[in-house]
Amino acid sequence: MTEQKTVHLADYQPYTHVVDSVDLTFGLSPTATRVKARLSLRPNPARPGRHDLRLDGEGLTLISCTVDGTPAAASVDASSLTLFAKDLPDGPFTLDTEVEIAPQANTALEGLYMSNGMYCTQCEAEGFRKITYYPDRPDVMSRFKVRIESDLPVLLSNGNPTASGAGWAEWNDPWPKPAYLFALVAGDLRAHSAKFATASGRPVDLHIWVRPGDEDRCAYAMDSLIRSMRWDEQVYGREYDLDVFNIVAVDDFNMGAMENKGLNIFNSRYVLASPETATDDDYTRIEAIIAHEYFHNWTGNRITCRDWFQLCLKEGLTVFRDHQFSGDMRSAAVRRIEDVVTLRSRQFREDDGPLAHPVRPESFVEINNFYTATVYEKGAEVIGMLKSLVGDGAYKRALELYFDRHDGDAATIEDWLKVFEDATDRDLSQFKLWYSQAGTPRLKVTDAWENGVYTLTFTQKNPPTPGQAEKQPKVIPIKVGLLNPNGDEVVPTIMLEMTRAKQSFRFEGLAAKPVPSILRGFSAPVVLDRKPAPGEHAFLLAHDTDPFNKWEAGRALAKEVMAEIALKGTPVRSDWLDALAAVTFDDTLDPAFRALCLRLPGEDEIAQTIHAMGRIPDPAKIHAARREMSGALAIRLGDGLARIYKELDDNAPFSPSAAQAGRRALKIAALQFLTRRDGGKLAASAFARARSMTEEIGALAALLDAHQGQAELISFAARWGRDANVMDKWYALQIAYAEPGDAAAVADRLIQTTGFDWKNPNRFRTVIGALAANHAGFHHRSGAGYRLVADWLLKLDPLNPQTAARVSTAFETWPRYDATRRKRARKELERMLAAPALSGDLREMVERMLAAG
Ligand code: B3K
Ligand code: ZN
């Protein structure tokens, strides 16, 4: 059994030694790679006294170990190499080690591994210890020099290239960095290249490295990179700091991408794009991830984390920055709505179940299990709130101070908050609760109109979460606007700062009782609990000047209607259809915004809503309710949607621009509803004529939604069968649109298809993720969904524990459901726990999920 040790934030101590420099030499071979490491070490003045030198190392075969050239007596166990203090000089010394590793046998995709004949690495969080013996912790920063020996034509590492010859290359990274940012790539790769000059005139060579044949799918990623580099100069004053910036696309990758210094490694699905193969969503994601990894160069690399508890220091901030960037590149309103949709569907879901944890956790078993929506997305929201509270000017000053004060540091959340306190003279001790208290606050709102005074009263409840029963009230920035009954705005957006459990705010000088628009821009990650006055949602959907709240009013109404149908079997409400028709057919509104309004809330989100009402969600009823609503929508809005479809079905040449993507989104939304009425005629012709993947997949989805499209599925596979990233869409769609009772069987059949490579994380996530996302299918009362997911997690776990653990979050909502479903889910969780040799990664997840029920 894997050793399970809990690490606590409170136990932090600086490392015993300082590593002044590291020289690495790699003799690459699939089965026997030799890694020589020369470390210049000295005792760390921050840890007075004489200490043993303990280096992390896992799965390494030690060949030799010398101190200052003399063979040293090292004690080696499964996770470390130790040299005893008595055998070490009391001043600077040089440690040389040589180890052997087998990248080809590395299926966990952590450390040095192979993908399609190419060598690559993934070290964050603790993968470097699978490459050589080293203090594998982010506060140990050092200068790295790397020599790679291999016959492969392209040999890359961090920093700047210094020399190369036949069969070797040397790299030098002048910036001290922690080992998790180390990277190496070797392969037969082709570059798509460009040049960039920084604001102060440094020329930078940019390269995106891909497999031969993929070079013509890199233009959008390169364009996104150049825009990101410029944006970070203009908005944050941050310049790039090396002569080259390399990006490599890899097919086997456990996540989206990795910000290794000067050598970002990407999951190929977030690099490669062409109109024929990438949807508009793919383009949006590529732009965001390229930006995210690039922005890490300052927020993550130049300033890194002291320990892994501080992960949100780099991730929350970098997500916040990539959201700002996407908002500037595209429609800020649309981006904000999409970001909140994601936040609710992933982070609120996490916060509401057994896996809830603070943005800065205080203990963990496997750090890879804490790269979560809470650390990333809620971490970004916390920064957004901080910016709202201090104001844009102070935010800018604080960030400048942060970069000045902490460049080159491994910093903490305390350091981060201190720069804001110093820049603003504000006490942020209460604000800090956002980092330490888990759970989504519920904000209850009531209002009163008396003698010409309008009062809004807020009550905040911070629900208990695992390990945290009692909570303090948080600081909540609540952006509010007030509208007159005729629809005019009488009080434009102001920020109310709530600091107590219950608090009232008064508005005077109003002529009539206003309609409040609360939590504009989603100014805090909370659940708003407000019983709206009759017609209030429809009124705000029609009149609110805040685009987020305009959309939110329609969303809230749709949720209310869906929950009512699922719980009480009421008919679809016509006030919802009328209100939706009004925005859909308002040609003055952005098509992308109208498309968003037409997207019905997801079934999992309704289950979340019903659960929050204190009721037990029934997935089958929720599914039926959603179907009924889309059917009613198709009938009520059909003629108008047909007009919209016609207008938008133009022949303009393809551009991935947000404006054109918005028009496509509205066109496809219209098509989906129209297909419910016409038996698939329009969609079949749209599929045949499609000139972009967005249109092709949109038409196919519309057909499957209307239980058509078998011929189109066959022709799609014939066309794209050799492109695995494109085929993922084909797999996912079939599972997404499978009837609840068939979903598990459909997923099973697709996995068993000859040639389906379930060991590849993209494939595995696509199929199992799509099944988990088919709410009524995964939670089918037969238990078939639970069983299939557990079966496959157990198959993947011995090969790739990280991805298995990640996908296991499919089960995180199990305590919400009825006794039968809970029993079935529990049985599968217990079956996993009982598996011999379950990985530590998956074990931690399953144990945490089981603890809830
Ligand atoms: N920092 C990496 C994530 C590493 C995940 C390790 N399990 C990508 C990112 O957030 O940019
Ligand atoms: Zn990141």
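Residues numbered from 1 in each chain as written. Chains lettered and ligands numbered in written order. Predicted model: local features only at pLDDT ≥ 70, side-chain atom pairs only at ≥ 80, totals over all residues. Heavy atoms only, no water.

A.B. asks: Explanation requested: the overall build of the protein in the structure shown.
C.D. replies: Assigned secondary structure in the protein consists of 26 helices and 31 strands. What you see for the protein is a C-alpha radius of gyration of 28 Å, in line with the 29 Å of a compact globule of 853 residues. Based on the C-alpha atoms only, the size of the protein along its principal axes is roughly 85 × 65 × 60 Å. Split into buried and exposed, the 853 residues of the protein put 59% on the buried side. Taking as baseline every contact in the protein between residues at least 6 positions apart, the subset at least 24 positions apart corresponds to 71%. Carbon and sulfur atoms make up 51% of the accessible area of the protein, which amounts to about 32,100 Å² in all. (Helix = DSSP H or I, 4+ residues; strand = E, 2+ residues; numbered from the N terminus. Rg over C-alpha atoms; globule rule 2.2 N^0.38 Å. Buried < 20%, exposed > 50% of the residue type's maximum accessible area, 1.4 Å probe, protein only. Contact = heavy atoms within 4.5 Å. Areas by Shrake-Rupley, 256 points an atom, 1.4 Å probe, with all protein chains shown as cover.)

A.B. asks: How should I be thinking about the site of ligand 1 in this particular structure?
C.D. replies: Lining the immediate surroundings of ligand 1 are 14 residues, of which E124, E259, E293, N368 and Y376 lie closest. In this structure, an oxygen atom belonging to ligand 1 sits 3.1 Å away from a side-chain N or O atom of H292. At 2.9 Å from an oxygen atom of ligand 1 is found a side-chain nitrogen or oxygen belonging to E315. Look at ligand 1: alone it shows 330 Å² of surface, and the protein chains cover 94% of it. Looking at the shell around ligand 1, the elements that each hand over two or more residues are β20 (257-258), α2 (280-295) and α3 (311-329). Grouping the constituent residues of the shell around ligand 1 by class yields five nonpolar, four polar and five charged. (Near = heavy atom within 4 Å. Polar contact = N/O pair within 3.5 Å; in protein donor to acceptor, adjacent residues only side chain to side chain. Nonpolar A, V, L, I, M, F, W, Y, C, P; charged D, E, K, R; others polar.)

A.B. asks: Explain the sheet that holds strand β19 (residues 244-250) to me, please; I cannot follow it from the model alone.
C.D. replies: To summarise the sheet geometry, strands pair through backbone hydrogen bonds and adopt either a parallel or an antiparallel arrangement. Across the sheet, which stays open at both edges, the five strands sit in the order β17-β18-β19-β21-β20 with mixed pairing between neighbours. At either end of the open sheet lies a strand with only one pairing partner, and these are β17 (190-197) and β20. Across two bridges, β20 lies against strand β21 (residues 263-267) in antiparallel orientation. What sits directly across from A257, in β21, is F266. Sitting on the sheet, helix α1 (residues 219-236) is in contact with β17, β18 (203-210) and β19, with an inclination near 25° to β17. (Pairing = 2+ DSSP bridges. Axes fitted to C-alpha atoms, helices over the stretch in contact; angles between N-to-C directions.)

A.B. asks: Would you take a moment to explain the packing of helix α20 (residues 743-752) against helix α21 (residues 761-773) for this structure?
C.D. replies: Helix packing geometry: the angle between the two helix axes and the distance between the axes. Two elements in contact, α20 and α21, have axes separated by 10 Å at closest approach and are oriented at 175°. In this view, α20 runs roughly antiparallel relative to α21, as classed from their interaxial angle. In contact with A743, A744, A747 and I751 of α20, α21 contributes V767, I768 and L771. Of the residues belonging to the contact of α20 with α21, the class tally is seven nonpolar, no polar and no charged. (Parallel < 35°, antiparallel > 145°, perpendicular 65-115°, else oblique.)

A.B. asks: What is the right way to read the domain arrangement of the protein from this model?
C.D. replies: How large an interface is tends to be reported as the accessible area lost when its parts come together. Domain assignment breaks the protein into domain 1 (1-188), domain 2 (304-436), domain 3 (442-465 + 484-524), domain 4 (530-678) and domain 5 (721-853). Each of domain 2 and domain 4 was reduced to a C-alpha centroid, and the two centroids are 31 Å apart. With 14 residues of domain 2 at the interface, the matching set in domain 4 holds 17 residues. Both faces combined, the contact of domain 2 with domain 4 buries some 1,300 Å², and carbon together with sulfur accounts for 59% of it. Counting across the domain 2 and domain 4 interface gives three salt bridges. Ionic pairing is found between E338 and R599, a salt bridge with its closest N-O pair at 2.9 Å. Linking domain 2 with domain 4 are four residue pairs in polar contact (both at pLDDT 80 or more), by the criterion used here. Of the residues contributing to the side of domain 2 that touches domain 4, the split by class is six nonpolar, two polar and six charged. (Domains from an automatic or database assignment. Buried area = accessible area lost by both parts, 1.4 Å probe. Salt bridge = Lys/Arg side-chain N within 4 Å of Asp/Glu carboxyl O.)

A.B. asks: I'm lost on the packing of helix α17 (residues 693-705) against helix α19 (residues 724-736) in this one. Help?
C.D. replies: At a minimum axis separation of 10 Å, α17 and α19 run at an interaxial angle of 20°. Considered as vectors, α17 and α19 are oriented roughly parallel to each other. For the pair α17 and α19, the crossing hand works out as right-handed. Judged by residue contacts, M693, I697, L700, A701 and L704 of α17 engage V726, K729, L733 and Q734 from α19. Its residues assigned to classes, the contact of α17 with α19 comprises seven nonpolar, one polar and one charged. (Left-handed = near helix turned anticlockwise from the far one by under 90°.)

A.B. asks: Honestly, the environment of L842 in this entry has me stumped. Any pointers?
C.D. replies: Among the secondary structure elements, L842 is positioned in helix α26 (residues 840-850). We classify L842 as buried; its relative accessible area is 0%. A C-alpha to C-alpha distance of 8.7 Å links L842 and L793, two positions 49 residues apart in sequence. Discounting residues that sit within four places of it in the chain, L842 has contacts with L793, D797, A804, A805 and S808.

A.B. asks: Looking at this structure, how should I read the sheet that holds strand β7 (residues 75-77)?
C.D. replies: Here three strands make up an open sheet; going across it, the order is β4-β8-β7 and the pairing antiparallel. Each of the sheet's edge strands pairs with one partner strand only, and the pair in question is β4 (53-56) and β7. Across the sheet, the mean angle separating the axes of adjacent strands is 15° when strand polarity is ignored. Note: β7 against strand β8 (residues 80-83), three bridges, orientation antiparallel. In the strand pairing of β8, D77 is matched with S80.

A.B. asks: Whenever I open this one, the pairing of strand β12 (residues 142-149) confuses me. Can you help?
C.D. replies: Across a regular strand the side chains alternate sides, sitting on one face of the sheet and then on the other. As paired elements, strand β2 (residues 17-27) and β12 share seven bridges and run parallel to each other. Residue pairing across strands places D23 opposite K145, the latter belonging to β12.

A.B. asks: So what exactly am I meant to see when it comes to the nonpolar core here?
C.D. replies: Looking at soluble globular proteins, one finds that nonpolar side chains tend to be buried together. Counting 273 residues, the largest nonpolar core has W416, F431, W576 and F811 as the members making the most contacts within it. The element that contributes the greatest number of residues to this core is helix α14 (residues 619-648), accounting for eleven residues. Sequence-distant contacts of F431, defined by excluding residues within four places in its chain, comprise V382, M385, L386, L389, L417 and V475. (Core = buried A, V, L, I, M, F, W, Y, C linked by side-chain atoms within 4.5 Å.)

A.B. asks: What exactly am I supposed to notice about the pattern of salt bridges here?
C.D. replies: As a working rule, side chains carrying opposite charge can pair if their charged atoms are close by. Following the criterion strictly, the structure yields 76 salt bridges and no others. The partner of K314 in a salt bridge is E259, and the shortest N-O contact between them spans 2.7 Å. You can see K314 sitting in helix α3 and its partner E259 sitting in the loop between β20 and β21, a full 55 residues away along the chain. A residue is classified by how much of its surface remains accessible, and E259, at 3% relative accessible area, is buried. Where R302 meets D407, a salt bridge forms, and the shortest distance between an N and an O atom there is 2.8 Å. Here R302 is found in the loop between α2 and β22 (304-305), whereas its partner D407 is found in the loop between α6 (392-406) and β24 (410-411), with 105 residues between them in sequence. Looking at D407, the relative accessible area reads 32%, which means it is partly exposed.

A.B. asks: Quick question: what am I supposed to make of the coordination of the zinc ion (ligand 2) here?
C.D. replies: Coordination of the zinc ion (ligand 2) by the protein comes from H292 (NE2), H296 (NE2) and E315 (OE), over a distance range of 1.9 to 2.1 Å. The sequence pattern formed by the donor residues of the zinc ion (ligand 2) is H-x3-H-x18-E. Here E315 lies in helix α3 and H296 lies in the loop between α2 and β22, a separation of 19 residues in the sequence. We classify E315 as buried; its relative accessible area is 1%. (Donors = N, O, S within 2.8 Å, 3.2 Å for Na, K, Ca; no water.)

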